[in-house]
Amino acid sequence: MTELRVGQEVELEYGGKAKVLKVIGSGGQGVVYLVEFNGMQWALKWYDVNKIKRPKEFRENIQNNINDGAPSNKFLWPKYLTKVTEDGTFGYLMELKPASFDSFVDILNTYKLVVDPLSGRAVKKNVRFTSLYAMVTAVINIANAFRQLHRAGKSYQDLNDGGFFINVDTGAVLVCDCDNIAPDGSNFGIGGKPGYMAPEVVRGTTKPNVQTDKYSLAVVLFKLLFRGDPMEGEKVIKDICLTESSELKHYGQNAVFVYDPDDASNRPVRGIHDNVIKFWRLYPDYIRDAFTESFTTGIKDPNKRIIENEWQKLFIRLRSEIIMCGCGRTNFTSMFVPIDEKTYQCPKCGMQFGSLGFSNRSYRMPLYIGCKFYNCEIDPDSDDFLTVAGELVENTLKPGVLGIKNVSGRTWRVKMPDGTFYNIEPGKGFPVWAGLEIDFGNIKAQI
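Residues numbered from 1 in each chain as written. Predicted model: local features only at pLDDT ≥ 70, side-chain atom pairs only at ≥ 80, totals over all residues. Heavy atoms only, no water.

*Asks:* What's the story with empty space enclosed by the protein in this structure? I'm lost.
*Replies:* It is a probe the size of a water molecule, rolled over the atoms, that shows where empty space is left. Per the counting criterion, the structure on display carries 2 cavities of 30 Å³ or more. Considering only enclosed or pocket space, the second largest cavity measures out at about 30 Å³ in volume. As for the second largest cavity, its lining consists of Lys 214, Tyr 215, Ala 218, Ser 294, Arg 305 and Ile 306. If one sorts the elements of the lining of the second largest cavity by residue count, helix α5 (residues 210–226) sits on top with 3 residues. Per-class residue counts for the lining of the second largest cavity are 3 nonpolar, 1 polar and 2 charged. (1 Å grid on protein atoms, 1.4 Å probe; cavity = no way out; pocket = protein on both sides within 12 Å on 5 of 7 lines; lining within 4 Å. Points joined across faces, edges and corners; volume = space filled by probe spheres on them. Helix = DSSP H or I, 4+ residues; strand = E, 2+ residues; numbered from the N terminus. Nonpolar A, V, L, I, M, F, W, Y, C, P; charged D, E, K, R; others polar.)

Below you can see the structure in the form of C-alpha cells.
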C-alpha cells in the first residue's frame, strides 16, 4: 500500500488534485485522510489494494455508485474517484461527517476519548442520547435508510456498528462506509463482521444480499435499543475464547436468541448482560415480538425476516407512545398505569394523561405538553416521519390551558365545544377538550 504524506497531492479521475492535510483514521481496507479539494475539505478513503480481492471490479462498482447517486441524504456517499497509481492504489472522496454526529460504537460504549488541547491527554466524554425521543427517531432513520437502499436494488453487505454516525440530540443518521454497497446479487469478497452477519453468511452457504442485510439490520436495531448482543447469552459465554469454530457454532450453525420462547439455553446472564435484562422488560410486547420473530423464525427462513417498512411503522408507533411526564419520568405507555382505554397515569407522581385516537390505527397517542405527531401519521400517502404536523402546547396567556397547534401545510377541520366544525389554518391552534374531533382529510382523530 502506498501511504500518503501530509502535503501530497492526489489526482482525481476527472481532473483536479486533492491535497492531503492529515490522517483521520484507518480500517481494514485502508486509511482515511482529511484533504482539501476545490477550496473545501473532504474525506479521502485510500485503499490497501492487497486487501481487496478484485480491485478492478471493486473500483468499477464505486464508480457506478457515484453515477447512480445516493439513495437519500442519509448516506455519506462516494463523490469522486482518484486516478489509479502505478502500483494500483486508488481511493475516493466523500463528504466529511459533521461534528454534531457521533459514531455508533461510541454511542454503544456511552463515551468517546477526546484529546485535551492543553494537557494532550485523552479524556472520556459522555456520548448518550439526550432523550428517549431522539433514540427512537434514530432507529426509525436507520430502518428508513435501508428501506431506501434496498428499494434502489442495492445491499450494504457489511452492516455493523462501524457503519453509522448519529446525532444524539435529534436522532439524525448518516450511513458511512458505502463503498461496499453493491447491486443485490453482486459481491466483491466482503463477508461482514462477526455478530452482525446472518447465520447463512457465517456458515458460508450464502453471499451477502438484501435478505442478509435484513438480519444485520435487526442486530443493529437490537444493539441500539437493548445495548447487547441478541445471540450472546449463557450458552455463548461458556466459551471463554470465541474461536472461529465457536463463532460458527453460536452465530451460524446453532444460533439461539437470548429470549427464544422455545429454547432457554442461552438466556442473558445477570452481572454480564444487565442492559439486555433491564431494557427487554421496558419495551412493549409488539417490539419484543418483532425481535423474537427476527431471531427465531427469521434465522431459519430469510424470507420471513421483518422488512424495513415494517420496522419503520413499528418504531413510528413506539415514538408516538412516549410520555414525558412533568415529574421527569419518560417512558412508553406500556410502563404507565392504564386508568381506562384512553387514559394513562404516571406511577411515580400520579399525573394523568388523556390520549388521541386516530381512525387508521388501533393504538392511541398520549397527550402531554410538547408531544408531536408527524405528516405520515395524518396522511396515509405520506412517508414523512420527520416533519411535525401538530403539537400540544400550553397557552402563553392562560397557563394550564392546553391546545393543539397546526404546524402542517394543510387546513384542518376541527369540532369546537359549540358543536360546530371550524377551519384551522396552518399556524393556528385550538383547545383540547373532551369531545374534540379533528378531520385531517383522509384520517380523523378524536379525544
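*Asks:* Any chance you could explain helix α3 (residues 132–151) here in plain terms?
*Replies:* Each turn of an α-helix holds 3.6 residues, which means side chains three or four residues apart point in the same direction. Here α3 contains 20 residues, and its C-alpha end-to-end distance of 29 Å stays within 8% of the 28 Å for a straight helix at 1.5 Å per residue. Phi turns positive, to about 80 degrees, at Gly 153, one or two residues after α3. (Expected span 1.5 Å × (residues − 1).)

*Asks:* Would you mind going over the pairing of strand β2 (residues 17–26) with me for this structure?
*Replies:* When a strand is regular, its side chains alternate between the sheet's two faces. Alignment of strand β1 (residues 9–11) against β2, held across 3 bridges, turns out to be antiparallel. Residue pairing in the sheet places Val 10 in a bridge with Ala 18 of β2. Between β1 and β2, which follow one another and run antiparallel, lie 5 residues, and Gly 15 among them has a positive phi close to 110 degrees. Two strands pair when backbone bridges link them, and β2 and strand β3 (residues 30–37) are joined in this way by 6 bridges, in the antiparallel orientation. Among the inter-strand pairings, Lys 19 is bridged to a residue of β3, identified as Glu 36. The antiparallel hairpin formed by β2 and β3 contains 3 residues in its connecting segment. (Pairing = 2+ DSSP bridges.)

*Asks:* What exactly am I supposed to notice about the environment of Leu 318 here?
*Replies:* Structurally, the position occupied by Leu 318 is in helix α11 (residues 308–320). Under the relative-accessibility criterion, Leu 318 is labelled buried at 0%. Not counting residues within four places of it along the chain, the set of residues in contact with Leu 318 comprises Val 136, Tyr 283, Pro 284, Tyr 286, Ile 287 and Phe 332. (Buried < 20%, exposed > 50% of the residue type's maximum accessible area, 1.4 Å probe, protein only. Contact = heavy atoms within 4.5 Å.)

*Asks:* It is not clear to me how the nonpolar core should be interpreted in this structure. Could you clarify?
*Replies:* Taken as a class, soluble globular proteins show a tendency for nonpolar side chains to be buried jointly. In terms of nonpolar packing, the biggest core is built from 98 residues, with Ile 142, Phe 291, Trp 311, Phe 315 and Trp 412 touching the most fellow members. With 13 residues, the single largest contributor to this core is α3. Once residues lying within four places of it in the same chain are set aside, the contact partners of Trp 311 are Ala 143, Leu 217, Ala 218, Leu 221, Ala 290, Phe 291, Ser 294 and Ile 306. In this structure, Val 32, Val 49, Ile 52 and Phe 58 belong to the second largest nonpolar core, which totals 14 residues. (Core = buried A, V, L, I, M, F, W, Y, C linked by side-chain atoms within 4.5 Å.)

*Asks:* So what exactly am I meant to see when it comes to the sheet that holds strand β11 (residues 164–166) here?
*Replies:* In a beta sheet, neighbouring strands pair by backbone hydrogen bonds and run either parallel or antiparallel. With antiparallel pairing, the 3 strands of this open sheet are ordered in space as β7-β11-β12. In this open sheet, the two strands that pair with only one neighbour each are β7 (102–103) and β12 (173–175).

*Asks:* Sorry if this is basic, but what is going on with the packing of aromatic side chains here?
*Replies:* Applying the stated rule across the entire model yields 33 aromatic pairs. Taking the centre distance of 6.3 Å and the plane angle of 70 degrees together, the rings of Trp 412 and Phe 430 count as edge-to-face. Residue Trp 412 is located in strand β24 (residues 412–415), and its partner Phe 430 is located in strand β26 (residues 429–431); the two are separated by 18 residues in the primary sequence. Given a relative accessible area of 0%, Trp 412 falls into the buried group. With a relative accessible area of 3%, Phe 430 lands in the buried category. Joined through ring pairs, the aromatic side chains of Tyr 215, Phe 222, Phe 226, Phe 257, Tyr 259, Trp 280, Tyr 283, Phe 291, Phe 295, Trp 311, Phe 315 and Phe 332 make up one cluster. Sitting over the ring of Phe 358, Arg 361 keeps its end group 3.9 Å from the ring centre. (Phe/Tyr/Trp six-rings, centres within 6.5 Å; stacked < 30°, edge-to-face > 60°. Lys NZ or Arg CZ within 6 Å of the ring centre and 35° of its normal.)

*Asks:* Whenever I open this one, the sheet that holds strand β16 (residues 337–340) confuses me. Can you help?
*Replies:* Sheet architecture is open: 3 strands sit in the order β16-β17-β18, paired in antiparallel fashion. In this open sheet, the two strands that pair with only one neighbour each are β16 and β18 (352–353). Sheet analysis places strand β17 (residues 343–345) next to β18, joined by 2 bridges and oriented antiparallel. For Gln 345, the partnering residue across the bridge sits in β18 and is Gln 352.

*Asks:* Would you mind showing me how to read the layout of surface pockets here?
*Replies:* Estimated volume of the largest pocket: approximately 1,200 Å³. Around the largest pocket, the lining is made up of 39 residues, and of these Ile 24, Gly 25, Val 32, Ser 103 and Phe 165 lie nearest the centre. Listing elements by their share of the lining of the largest pocket, those giving two or more residues are β2, β3, β4 (40–47), β7, α2 (104–109), β8 (111–115) and β11. Tallying contributions element by element places β2 first for the lining of the largest pocket, with 4 residues. Its residues placed into classes, the lining of the largest pocket shows 17 nonpolar, 12 polar and 10 charged. Here the second largest pocket defines a volume of roughly 790 Å³. In terms of lining, the second largest pocket is formed by 34 residues, of which the most central are Leu 224, Leu 225, Arg 227, Asn 275 and Phe 279. Residue assignment for the lining of the second largest pocket shows that the elements contributing at least two residues are α2, α3, α5, α7 (244–253), α8 (274–280) and β15 (330–332).

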